[in-house]
Amino acid sequence: IKKIGILTSGGDAPGMNPAIRAVVRTCLANGIEVYGIYDGYAGLHADKIVKLERRSVSDVINRGGTFLGTARFPEFKEEQVRREAIQNLEKHGIEALVVVGGDGSYMGAKKLSEMGYPCIGVPGTIDNDIAGTDYTIGFMTCLNTIVDAVDRLRDTSSSHNRISIVEIMGRYCGDLTLWASVAGGSEYVIVPEKDFCEEALLAQLADGEAKGKKHAIIAITEHVTDVNALAKRIEEQTGRETRATILGHIQRGGAPMAFDRVLASRMGVFSVELLMKGESARCIGIQNGKMVHHDIIHCLEDMKRPFREDLFELSNVLF
Ligand code: ADP
């Protein structure tokens, strides 16, 4: 293989930059030219393709976000649009593509692979919602940002004897919420994988108050319910001041933690190694500390992420 392209797509995640850097440096170390595609699939279609050199990835290992940019580009679901994208790649002589992104981006990579264009998926998303990997790039950094925010809420909630609801990202995956709940010592955790029962929540709050707790933190994943409306109902039921905080986009930013830098570096190197072996339509993961790869179609269609029941139990026991 002589020329490889790389793009980042979907939601940005801290650690995408170190992943790009690893792909670029591994390619160059093996005499392979590497091309950066700006703004995800949108840039692929618009031919925003630039050759990258060693220096192109200088001083990016510690930077959050992705210097290549990312975009949502629903048009990529159209076969004709993808055909035009492949033509752009072929025009530059690029023989294979590394896609760093979430499951939406994987869908795009899967479809390109089905059209005969070699792709490798690298899991870059804060949500940790991709099957076949224990961790996605960006998850740990985002988790740390959330725990930091929860710590701050704890200080103020406890001073005011207040109940705080914290809405956490994750799309339809409760991992960020679950881990943040254990690490932040929240009183109650609500995740999409488990039915939410408001009576049980109220009972646990009463239980906590009886134990002498001065505050309560409720960690909840986005999209489960309207957190402001929930806060109002809790306030009415308990007579205690209750506030909802939606952490929002601050969760995505910031320098990648060492864990994500190492993970991204390993995955970036591994993706190029797979392409050099002639592999295609694979997605990369880390399982039990080791680099693994799976069929991207199988990953998207049949594999499921196991829910961490153990952490869920833990957060309920430790409250
Ligand atoms: P993420 O990759 O973080 O899950 P999205 O779901 O927004 O983010 O997907 C990123 C991009 O991947 C989309 O904007 C689109 O360009 C492409 N994509 C998503 N789903 C498909 C699909 N079914 N077919 C082709 N491309 C897709």
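Each value, and the rule that gives it
- Residues numbered from 1 in each chain as written.
- Predicted model: local features only at pLDDT ≥ 70, side-chain atom pairs only at ≥ 80, totals over all residues.
- Heavy atoms only, no water.
- UniProt positions renumbered as here; feature names shortened; annotations may be inferred.
- Pairing = 2+ DSSP bridges.
- Helix = DSSP H or I, 4+ residues; strand = E, 2+ residues; numbered from the N terminus.
- Axes fitted to C-alpha atoms, helices over the stretch in contact; angles between N-to-C directions.
- Parallel < 35°, antiparallel > 145°, perpendicular 65-115°, else oblique.
- Left-handed = near helix turned anticlockwise from the far one by under 90°.
- Contact = heavy atoms within 4.5 Å.
- Nonpolar A, V, L, I, M, F, W, Y, C, P; charged D, E, K, R; others polar.
- Salt bridge = Lys/Arg side-chain N within 4 Å of Asp/Glu carboxyl O.
- Buried < 20%, exposed > 50% of the residue type's maximum accessible area, 1.4 Å probe, protein only.
- Near = heavy atom within 4 Å.
- Polar contact = N/O pair within 3.5 Å; in protein donor to acceptor, adjacent residues only side chain to side chain.
- Areas by Shrake-Rupley, 256 points an atom, 1.4 Å probe, with all protein chains shown as cover.
- Expected span 1.5 Å × (residues − 1).
- Arc of directions from axis to C-beta.
- Patch = residues over 30% accessible without salt bridge, like charges linked within 9 Å, V, L, I, M, F, W, Y side chains within 5 Å.

- As annotated in an unreviewed UniProt entry, the chain carries the name ATP-dependent 6-phosphofructokinase and is attributed to Psychromonas marina.
- For the chain, the Pathway (unreviewed entry) comment in UniProt is given as "Carbohydrate degradation; glycolysis; D-glyceraldehyde 3-phosphate and glycerone phosphate from D-glucose: step 3/4."
- In its Function (unreviewed entry) section, UniProt records this for the chain: "Catalyzes the phosphorylation of D-fructose 6-phosphate to fructose 1,6-bisphosphate by ATP, the first committing step of glycolysis."

1. Focus on the sheet that holds strand S11 (residues 290-295)
Thinking step 1. If you trace the seven strands from one edge of the open sheet to the other, you get S3-S2-S1-S4-S5-S10-S11, paired in mixed fashion. The open sheet has two free edges, formed respectively by strand S3 (49-52) and S11, since each of these has just one partner strand. On average, each strand axis in the sheet is inclined to that of its neighbour by 30°, with strand direction left out of account.
Thinking step 2. Where strand S10 (residues 282-287) meets S11, six bridges bridge the pair, whose relative direction is antiparallel. Each bridged residue has a counterpart across the sheet, and for glycine 285 the counterpart in S11 is valine 292.

2. Some thoughts on the packing of helix H7 (residues 198-210) against helix H8 (residues 227-238)
Thinking step 1. The interhelical angle for the contact between H7 and H8, taken along N-to-C directions, is 50°, at an axis separation of 11 Å. Considering their axes alone, H7 and H8 lie oblique with respect to each other. Remark: the crossing between H7 and H8 carries right-handed chirality. Together, Glu198, Leu201, Leu202 and Leu205 of H7 and Leu230, Arg233, Ile234, Gln237 and Thr238 of H8 make up the contact between the two elements.
Thinking step 2. A class-by-class count of the residues in the contact of H7 with H8 yields five nonpolar, two polar and two charged.

3. Observations regarding the pattern of salt bridges
Thinking step 1. Under the criterion given, the structure shown has 19 salt bridges.
Thinking step 2. One salt bridge connects glutamate 241 with arginine 243, and the closest N-O pair in it is separated by 3.5 Å.
Thinking step 3. Classification of glutamate 241 by relative accessible area gives partly exposed; the value is 30%.

4. Considering the site of the ligand
Thinking step 1. Taken together, 16 residues form the shell around the ligand, and within it Arg72, Phe73, Gly102, Gly104 and Ser105 come nearest.
Thinking step 2. At 3.0 Å from an oxygen atom of the ligand is found a main-chain nitrogen or oxygen belonging to glycine 102.
Thinking step 3. Coverage of the ligand by the protein chains reaches 88% of its 560 Å² of free accessible surface.
Thinking step 4. With six residues, helix H4 (residues 103-114) is the largest single contributor of residues to the shell around the ligand.
Thinking step 5. Taken together, the residues that form the shell around the ligand break down as four nonpolar, seven polar and five charged.

5. Quick word on H8
Thinking step 1. For H8, which comprises twelve residues, the first-to-last C-alpha distance of 16 Å matches the rise-based estimate of 16 Å (1.5 Å per residue) to within 8%.
Thinking step 2. Those residues of H8 that sit buried are Val227, Leu230, Ala231 and Ile234. End-on, the buried residues of H8 take up no more than an arc of 100°, which puts them together on one face. Exposed side of H8, more than 90 degrees from the buried face: Lys232 and Glu236 are the residues found there.
Thinking step 3. Against the buried residues of H8 lie strand S6 (163-168), H7, strand S8 (216-221) and strand S9 (242-246).
Thinking step 4. One side-chain oxygen at the N-terminal end of H8 lies 2.9 Å from the backbone nitrogen of asparagine 228; it belongs to aspartate 226.
Thinking step 5. One or two positions beyond H8, positive phi appears at glycine 239, with a value near 75°.

6. Brief notes about a nonpolar patch on the surface
Thinking step 1. Among the surface-exposed residues, Leu314, Val317 and Leu318 lie close enough to one another that they form a single nonpolar patch of about 310 Å² accessible area.
Thinking step 2. Structurally, the position occupied by leucine 314 is in helix H11 (residues 309-317).

7. Considerations on the sheet that holds S9
Two strands in a sheet stick together by hydrogen bonds in their backbones, pointing the same way (parallel) or opposite ways (antiparallel).
Thinking step 1. Taken together, four strands build an open sheet; the order of strands is S7-S8-S6-S9 and the sheet is parallel. Since the sheet does not close on itself, it has two edges, and those belong to strand S7 (188-190) and S9, each with one partner. Adjacent strand axes in the sheet meet at a mean angle of 20°, parallel and antiparallel pairs treated alike.
Thinking step 2. Bridge count between S7 and S8: three bridges; the pairing is parallel. Of the residues in S8, the one forming a bridge with tyrosine 188 is isoleucine 218.
Thinking step 3. In this fold H8 packs onto S6, S8 and S9, with an angle of close to 165° to the strand it touches most, S9.

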